[in-house]
Amino acid sequence: MQTQTTPTASQATGRSLEHPRREAIRLEDVLHALSDPMRMRVVRTLAEERGELSCSVFDLPVSKSTTTHHFRVLRESGVLHQIYRGTAKMNALRRADLDALFPGLLDSVLAAAALQERRLGGGRS
């Protein structure tokens, strides 16, 4: 998979992160990333907020190392973009890339997740 590093001053500090280039994002990787309830919770939150959020905003009921794993899967699949801002790792949905590559996919998955939540009741899984 072709990757690109985050083009910011963070490269000088050795804190750049690898992201797949738009043309290297694969449907099966995106679907795999979205198949996990914790990762879907992250994506839904980012879609609702429509901006960057730090990792600390997400209160996932899993260990810190598991949370880190989920963010890495989302980043490496091309679903989100991560960048360091000071000591915070900021996250943003790669909506433009996903919409260009897979028109309607993200909106359909988000709508289906919302319907499932209403159907099953309770909080987000």
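The rules behind the values
- Residues numbered from 1 in each chain as written.
- Predicted model: local features only at pLDDT ≥ 70, side-chain atom pairs only at ≥ 80, totals over all residues.
- Heavy atoms only, no water.
- Helix = DSSP H or I, 4+ residues; strand = E, 2+ residues; numbered from the N terminus.
- Buried < 20%, exposed > 50% of the residue type's maximum accessible area, 1.4 Å probe, protein only.
- Contact = heavy atoms within 4.5 Å.
- Expected span 1.5 Å × (residues − 1).
- Arc of directions from axis to C-beta.
- Pairing = 2+ DSSP bridges.
- Axes fitted to C-alpha atoms, helices over the stretch in contact; angles between N-to-C directions.
- Phe/Tyr/Trp six-rings, centres within 6.5 Å; stacked < 30°, edge-to-face > 60°.
- Core = buried A, V, L, I, M, F, W, Y, C linked by side-chain atoms within 4.5 Å.

Caption draft 1: Spotlight on the overall build of the chain. Regarding its fold elements, the chain presents five helices and five strands. Secondary structure elements in the chain, listed N-terminal to C-terminal, are β-β-α-α-β-α-β-β-α-α. Residues classed as buried in the chain amount to 41% of the 125 residues present. Within the chain, contacts between residues separated by at least 24 positions form 59% of all contacts whose residues are at least 6 apart in sequence.

Caption draft 2: Representation of helix 5 (residues 105-120). Taking 1.5 Å as the rise per residue, helix 5 with 16 residues should run 22 Å; its terminal C-alpha atoms sit 22 Å apart, in good agreement. Listed in full, the buried residues belonging to helix 5 are L105, L106, V109, L110, A113 and A114. Down the axis of helix 5, the buried set is contained in an arc of 165°. They therefore lie on one face. In helix 5, the exposed positions angled more than 90 degrees off the buried face are occupied by L115, R118 and R119. The elements touched by buried residues of helix 5 are helix 1 (27-34), helix 2 (37-49), strand 5 (88-93) and helix 4 (95-101). One or two steps after helix 5, the chain reaches G121, where phi turns positive at roughly 70°.

Caption draft 3: Quick peek at the sheet that holds strand 4 (residues 80-85). The three strands are arranged 3-5-4 in an open sheet whose pairing can be described as antiparallel. The outermost strands of the open sheet, each flanked by one partner alone, are strand 3 (53-54) and strand 4. The strands touched by helix 3 (residues 64-77) are strand 4 and strand 5; relative to strand 4, the strand with the most contacts, the crossing angle is about 115°.

Caption draft 4: Representation of the packing of aromatic side chains in the model. On inspection of all chains with the given rule, the structure shows one aromatic pair. With centroids separated by 5.4 Å and ring planes inclined at 65°, the aromatic side chains of F58 and F71 adopt a geometry described as edge-to-face. Residue F58 is found in the loop between strand 3 and helix 3, and its partner F71 is found in helix 3; the two are separated by 13 residues along the sequence. In this structure F58 comes out as buried when scored by relative accessible area, which is 9%.

Caption draft 5: Seen up close, the environment of D107. Secondary-structure assignment places D107 in helix 5. A relative accessible area of 44% places D107 in the partly exposed class. Separated by 60 residues in sequence, D107 and A47 place their C-alpha atoms 9.3 Å apart.

Caption draft 6: Representation of the pairing of strand 4. Where strand 4 meets strand 5, six bridges bridge the pair, whose relative direction is antiparallel. Residue pairing across strands places I83 opposite M90, the latter belonging to strand 5.

Caption draft 7: Fine view of the nonpolar core. Core analysis: the largest hydrophobic core is formed by 26 residues, its most contacted members being V30, V42, V43 and V79. Contributing elements (two or more residues each) for this core: helix 1, helix 2, helix 3 and helix 5. If one sorts the elements of this core by residue count, helix 2 sits on top with six residues. Setting aside residues no more than four positions away along its own chain, V79 makes contact with V30, A33, L34, V43, L74, A92, L93, R94 and L98.

None of this, on its own, says anything about what the molecule does.
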